[in-house]
Amino acid sequence: MVLPSFIIIYLISIFLDSFIKITWIANAFKGIRMAVGILILDAAVNMFRKMKKQVIPCVIMGCSFTAMLLISIFAWSFSSVFLMLIAGVVSLVIFVIHGAPSEKGGERK
């Protein structure tokens, strides 16, 4: 199931410099980039709706969003994956400091 897509992407990556010079392919990549951004935004909105509205998770999410937005606006060379790892480490540290929730639903007594 994955192999055909992988082969196509691999072949495109080999000839990417030649492909990107063709105007309609360059425009297609811009459209794909926009679509991926919208899909990521949709996933974030769905996660936010399902998330329990507590202060610490909202602050972590807000800081991560702001950092990603600033990185994108100013075109800084910083990996989004590294930013997500930083947010994960901060969440883990807060989890260790505050301890695990006592119930399965995430609420503390």
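What counts, and at which threshold
Residues numbered from 1 in each chain as written. Predicted model: local features only at pLDDT ≥ 70, side-chain atom pairs only at ≥ 80, totals over all residues. Heavy atoms only, no water. Helix = DSSP H or I, 4+ residues; strand = E, 2+ residues; numbered from the N terminus. Buried < 20%, exposed > 50% of the residue type's maximum accessible area, 1.4 Å probe, protein only. Phe/Tyr/Trp six-rings, centres within 6.5 Å; stacked < 30°, edge-to-face > 60°. Lys NZ or Arg CZ within 6 Å of the ring centre and 35° of its normal. Expected span 1.5 Å × (residues − 1). Axes fitted to C-alpha atoms, helices over the stretch in contact; angles between N-to-C directions. Parallel < 35°, antiparallel > 145°, perpendicular 65-115°, else oblique. Left-handed = near helix turned anticlockwise from the far one by under 90°. Contact = heavy atoms within 4.5 Å.

**Q** Kindly report on the overall build of the chain, identifying the contributing residues and their values.
**A** For the chain, the helix and strand inventory stands at 5 helices and 0 strands. The order of α-helices and β-strands along the chain, N terminus first, is α-α-α-α-α. The principal-axis extents of the C-alpha atoms in the chain amount to approximately 60 × 40 × 25 Å. Burial status across the chain gives 6% buried among its 109 residues.

**Q** Describe the packing of aromatic side chains, naming the residues involved and giving the relevant values.
**A** Applying the stated rule across the entire model yields 3 aromatic pairs. Measuring from centroid to centroid gives 6.3 Å for Phe6 and Tyr10, while their planes differ by 15°, and the two rings are stacked. With Phe6 and Tyr10 both in helix H1 (residues 3-14), this residue pair falls 4 residues apart, about one helical turn. In this structure, Lys53 packs its charged tip against the face of Phe48, placed 4.6 Å from the ring centre.

**Q** Talk me through the environment of Ser80; I want residue IDs and the actual numbers.
**A** If you trace the backbone, Ser80 turns up in helix H5 (residues 80-98). Linking Ser80 and Asn27, residues 53 residues apart in sequence, is a C-alpha distance of 24 Å.

**Q** So what about H5? Which residues, and what values?
**A** Compared with the 27 Å implied by 1.5 Å per residue over 19 residues, the 27 Å span of H5 between its first and last C-alpha is a close match. With its phi angle positive at about 85°, Gly99 sits one or two positions after the end of H5.

**Q** So what's going on with the packing of helix H4 (residues 55-73) against H5? Which residues, and what values?
**A** Where H4 contacts H5, the two axes come as close as 11 Å, and the packing angle between them is 165°. With respect to H5, the axis of H4 lies roughly antiparallel. The handedness of the crossing between H4 and H5 is right-handed. Along the contact surface, H4 presents Ile56, Ile60, Ser64, Ala67, Met68 and Ile71, while H5 presents Ser80, Leu83, Met84, Ala87, Val90, Ser91, Ile94 and His98.

**Q** Run through the environment of Ala35, naming residues and quoting values.
**A** Along the chain, the position of Ala35 falls in helix H3 (residues 23-50). Spatially, the C-alpha atoms of Ala35 and Lys53 are 28 Å apart, while their sequence positions differ by 18 residues.

**Q** Can you explain the environment of Pro57? Please cite residues and give values.
**A** Looking at the secondary structure, you find Pro57 in helix H4. For Pro57, a relative accessible area of 30% gives the class partly exposed. Linking Pro57 and Asp17, residues 40 residues apart in sequence, is a C-alpha distance of 42 Å.

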